[in-house]
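Descriptive structure summary
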Amino acid sequence: MTGPAAPAADAARALTPRGTPRGRTRCAVVGVGQTRHAAARSDVTMAGLAREAALAALADAGLGWDAVDAVVLGTAPDTIEGVMSPELSMAPALGAVGKPTFRAYTSGNAGGQAATLGVGLVASGRFARVLVVAYEKQSEGRTGAVTLQHLPFEAPWQGGTGSLYGALCSDYIARSGAPPHIGDVAALKDRRNALRNPFAQVRRADVTLEAIAASRMLWSPIRLLHASPSSDGACAVVLAAEDAAAGCPDPAWVHGAATRSEPPVAPAHDFVDPRCGRDCAAAVYRQAGITDPRRELDVAELFVPFSWVEPPTLENVGLAEPGEGWRLVDDGATALDGALPVNPSGGLLGANPIGAAGLVRFAEAALQVRGAAGEHQIDGARLAVGHAQGGFSNFVAMWVVGRDKP
Amino acid sequence: MTEDDAGAIAVVGAAHAVAPIGDGRNDAELLAPVVDRALTEAGLGRDDVGVVCTAGSEFLNGQVGTVMGAFDAFPGWPPRTHAHLEGDGAFALHEAWIRLLAGEAEAALVCAYSRPLADEPRRVLDLQLDPYVVAPLAPRPEDLAGLQATGPFTASQPCAGAAAVVLAAAAGRAPGRPAAVVAGIEQRLDTHDLGERDLATSPSVAAAAAALGLPGTVIDVLEVHAPFSHQRRIVVDALGAEVRALDPSGGCLAADPIMVTGLIRVVEAANAVRRGEAARAVAHATNGPCLQHNLLCLLEAA
């Protein structure tokens, strides 16, 4: 069911929910922006970093701050930087003063969750244009704070994110029989792709397969050059209802958007192949009318913080048969010139500003279908998927964006 | 139900509980009985809930990602649409309402929990201030509220607590259950710099009230989230409506589970409507120093 599109901000706000038809207003991505990502962006504050991305997205959309009806801010965990409810102190920098302002917080998934919330705000028919911003400034925080996790009735857990993913990847190898070089091949692919992305933080042309395989073991089977960096960075997108998008050049259209969560320590929680990921993928493909995602999608931007995570993620979101994800990587099917390029931007191995990294994937998917991805553009891309995940792989968000109106 | 109500979302279950700080219960244990009560009132099962929006604060609880530990208390398996925010539960209610309006599900559950670790939990709120120029000075929220007050004021008593609200569209409601229709939710942010604000007024409450059409109307029940007594007057003045009963629940001074308190105002206002004590009730919620971020929820008899 499609509700009436809100013609303008004031009209959207004037709608009373009593008598308002429920349903989904079509949503377009009319602006995309991201910062230069770096290990330390000491030239800007946290608010300055987020504003840089917001300004870029507004400029891309050809809109000013006044055009924005609501702001969504995503980042997590807040304890990394030690700033509680950052939307409060960032309000002036994000043009949020006097506006409805929303918050998304589901760890690495936060940027993706923020985007899907933005789609929901537009779909509700109450907001004509929504600015979605996500950021992380790891150089001003302590990512080690995540080890303060303590789940009820569990022994205190003092592992970091890396040790968690090490266990995940080991489990994947045990299940699938993936040979040891897969992590190296996936890492080389993303690192080469990052060379084409001017926003990427890690752009090393000298890295070879041999160097990756010989790099220091961090959390078996994850080696140093399999891992994403620590990053400062931000990303923003401007979303608009169909009528409000009419005046904007070159929109990407949202064909499907969803977020799914599940309990992190439930007996049924499969850390390697979580049901929330499978269900989220099924939901967005259903919304987008996709029945064969591997063939119908032209490009995928997936949340892969360690190269070894690409194969199980391909399987989880329905882009590879169970146990076969590593073969796609090995065959080069996910390379820039493969049948289904994955992370042409270089993905998280190019930069991993945690709270923003999910939104960067969503934004890169939109750039691809607009034909605006520059040197890492996939020729003729018309349909793309963006994916984010976080927590103990128990939070997933995805969107499918297309060149054509759904 | 009138034709007008066909697209309306209503509160069909609402419950809360407060507890002393440090009584040994974890977030899930605080939240679970409250969620069960709200769902029972609504006549709905856990599987009827398609959207779950949760709120809490990892700083108050002294651990990262508190939502990870709260999962046992709310419907989480099989996976469903779930969003978490760091802040007051009333803002999670806004998101749940929007997601229902967008047609993502027919029923939603909103949960908030607070289990402060520190003896003086309000001190943690320093971390909401500008991290470069204000937070390092560590002014207590009481100190900032003192800038806002024009005379002596009373501060609320922080405690632990949890609240749950069930929202449902017409198709998601069990028959014969009392409902309070959400006639609108509006929220606005004021600027952060206290020096730029006239602290005696609340432009964000006034803007939200105007968007809901409240000025000049009569409100049967108003529940205000004012952790400092003088803030109640600021909110009422900015609302510009005639209020028949102000904080009939007793308000939040005696029990203030930070990040749950705003959602409890929604629980109290909705229950006043559902009990037939009010035809029109408004709940106010706030976050940030000196009432920086304000939300108003207008509830009406079905």
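Here, the structure is the one placed above.
Described in the following lines is the structure provided in the data block.

Criteria and cut-off values
- Residues numbered from 1 in each chain as written.
- Chains lettered and ligands numbered in written order.
- Predicted model: local features only at pLDDT ≥ 70, side-chain atom pairs only at ≥ 80, totals over all residues.
- Helix = DSSP H or I, 4+ residues; strand = E, 2+ residues; numbered from the N terminus.
- Rg over C-alpha atoms; globule rule 2.2 N^0.38 Å.
- Buried ≥ 20, exposed ≤ 12 C-beta atoms within 10 Å, placed from the backbone.
- Contact = placed C-beta atoms within 7 Å.
- Nonpolar A, V, L, I, M, F, W, Y, C, P; charged D, E, K, R; others polar.
- Core = buried A, V, L, I, M, F, W, Y, C linked by C-beta atoms within 7 Å.
- Pairing = 2+ DSSP bridges.
- Axes fitted to C-alpha atoms, helices over the stretch in contact; angles between N-to-C directions.
- Expected span 1.5 Å × (residues − 1).
- Arc of directions from axis to C-beta.
- Parallel < 35°, antiparallel > 145°, perpendicular 65-115°, else oblique.
- Left-handed = near helix turned anticlockwise from the far one by under 90°.

**Re the overall build of chain A**
Helix and strand content of chain A: 14 helices and 11 strands. For chain A, the C-alpha radius of gyration of 20 Å lies close to 22 Å, the compact-globule estimate for 406 residues. Oriented by its inertia axes, the alpha-carbon framework of chain A measures out at about 60 × 45 × 45 Å. When each of the 406 residues of chain A is scored for burial, the buried share is 64%.

**Quick notes on the overall build of chain B**
Scanning chain B from N- to C-terminus turns up 8 helices and 10 strands. For 302 residues, the compact-globule estimate of 2.2 N^0.38 gives 19 Å, and the C-alpha radius of gyration of chain B, at 18 Å, lies within 12% of that figure. For chain B, the spread of C-alpha atoms along the principal axes amounts to about 55 × 45 × 30 Å. Buried positions account for 64% of the 302 residues belonging to chain B.

**Structural notes on the interface of chain A and chain B**
Taken together, the contacts link 63 residues of chain A with 59 residues of chain B. Of all the secondary-structure elements, those providing two or more residues to the side of chain A that touches chain B are α3 (87–90), β3 (101–104), α4 (110–123), β8 (252–261) and α9 (275–288) of chain A. With 5 residues, the single largest contributor to the side of chain A that touches chain B is α4(A). When the residues that make up the side of chain A that touches chain B are grouped by side-chain class, the tally is 30 nonpolar, 21 polar and 12 charged.

**Points about the nonpolar core**
Ranked by internal contacts, the top residues of the largest apolar core, which has 248 residues, are A:Val133, A:Val237, B:Val165 and B:Leu167. Considering each element in turn, this core owes the most residues, 11 residues, to helix α14 (residues 354–370) of chain A. Leave out the neighbours within four places in its chain, and B:Val165 touches B:Val11, B:Ala14, B:Ala38, B:Leu93, B:Val110, B:Leu263, B:Val266 and B:Val267.

**Some remarks on unusual backbone geometry**
All names here are of chain A. Geometrically, the link from Ala76 to Pro77 is a cis peptide bond, its omega value of -15° lying close to zero. By the element assignment, Pro77 lies in the loop between β2 (70–74) and α3. The omega torsion across Ser220 and Pro221 is 5°, close enough to zero to call that bond cis.

**What about the sheet that holds strand β7 (residues 232–241) of chain A?**
Residue and element names in this part refer to chain A. An order of β3-β2-β4-β7-β1-β8-β11-β10-β9 is seen for the 9 strands of this open sheet, with the pairing classed as mixed. Two strands close off the open sheet at either side, each with one partner strand: β3 and β9 (299–301). Going from strand to strand, the sheet's axes swing by 25° on average, the running direction of each strand aside. Running at roughly 175° to strand β10 (residues 383–390), α14 makes contact with β1 (27–34), β2, β4 (129–137), β7, β8, β9, β10 and β11 (395–402) of the sheet.

**Description of the environment of B:Ala92**
Residues and elements named next belong to chain B. Relative to the helices and strands, Ala92 is located in helix α4 (residues 89–101). Each C-alpha atom, one on Ala92 and one on Val110, is 6.5 Å from the other, the two residues being 18 residues apart in sequence. Ignoring sequence-local partners within four residues, the contact set of Ala92 consists of Cys53, Thr54, Ala55, Leu85, Val110 and Ala112.

**What to know about the sheet that holds strand β9 (residues 280–287) of chain B**
Residue and element names in this part refer to chain B. The sheet built from 10 strands is open, its strands ordered β3-β2-β4-β5-β1-β6-β10-β9-β7-β8 with mixed pairing. Both outer strands of the open sheet, β3 (81–86) and β8 (242–246), are each paired with one neighbouring strand and no more. Along the sheet, successive strands turn relative to each other by an average axial angle of 25°, direction set aside. Taken together, the 9 bridges between strand β6 (residues 180–189) and strand β10 (residues 293–301) define a ladder with antiparallel strand orientation. Directly across from Glu186, in β10, lies its bridge partner Leu296. Across the sheet, helix α1 (residues 27–42) touches β1 (9–19), β2 (51–56), β4 (107–114) and β5 (160–169), and the angle it forms with β1 is around 145°.

**Regarding the packing of α4(B) against helix α8 (residues 261–274) of chain B**
Residues and elements named next belong to chain B. In the contact formed by α4 and α8, the axes pass within 5 Å of each other and the chain directions differ by 60°. Seen from α4, the contacting residues are Gly89, Ala90 and Leu93; seen from α8, they are Gly262, Leu263, Arg265 and Val266. Its residues placed into classes, the contact of α4 with α8 shows 4 nonpolar, 2 polar and 1 charged.

**Some words on the environment of A:Ala123**
Structurally, A:Ala123 is set in helix α4. Exposure remark for A:Ala123: the 28 C-beta atoms within 10 Å place this residue in the buried category. Spatially, the C-alpha atoms of A:Ala123 and A:Arg26 are 6.4 Å apart, while their sequence positions differ by 97 residues. Dropping the residues within four chain positions of it, A:Ala123 is found in contact with A:Arg24, A:Thr25, A:Cys27 and B:Ala102.

**A few points about helix α6 (residues 182–194) of chain A**
Residues and elements named next belong to chain A. The end-to-end C-alpha distance of α6, which contains 13 residues, comes to 18 Å, matching closely the 18 Å that a straight helix rising 1.5 Å per residue would cover. The element α6 is largely enclosed, with a buried count of 12 among its 13 residues. Along α6, the residues classified as buried are Ile182, Gly183, Asp184, Val185, Ala186, Ala187, Leu188, Lys189, Asp190, Arg191, Asn193 and Ala194. Lining the buried residues of α6 we find α7 (209–214), α11 (310–316), α12 (325–331) and α13 (347–350).

**Quick notes on α1(B)**
All names here are of chain B. Spanning 16 residues, α1 covers 23 Å between terminal C-alpha atoms, matching the ideal 22 Å at 1.5 Å per step. Among the residues of α1, Asp27, Leu30, Leu31, Val34, Val35, Ala38, Leu39, Glu41 and Ala42 are the ones counted as buried. Looking down the long axis of α1, one finds its buried residues gathered within 150° of arc, a one-sided arrangement. Among the structural elements, β1, β2, α2 (58–61), α3 (66–70), β4 and β5 are those in contact with the buried residues of α1.

**Remarks on the packing of helix α6 (residues 203–212) of chain B against helix α7 (residues 230–239) of chain B**
Residue and element names in this part refer to chain B. Two elements in contact, α6 and α7, have axes separated by 8 Å at closest approach and are oriented at 40°. Between α6 and α7, the interaxial angle falls into the category oblique. The handedness of the crossing between α6 and α7 is right-handed. Within the contact between the two elements, α6 uses Val205, Ala206 and Ala209 and α7 uses Val235, Ala238 and Leu239. Looking at the contact of α6 with α7, its residues break down into 6 nonpolar, no polar and no charged.

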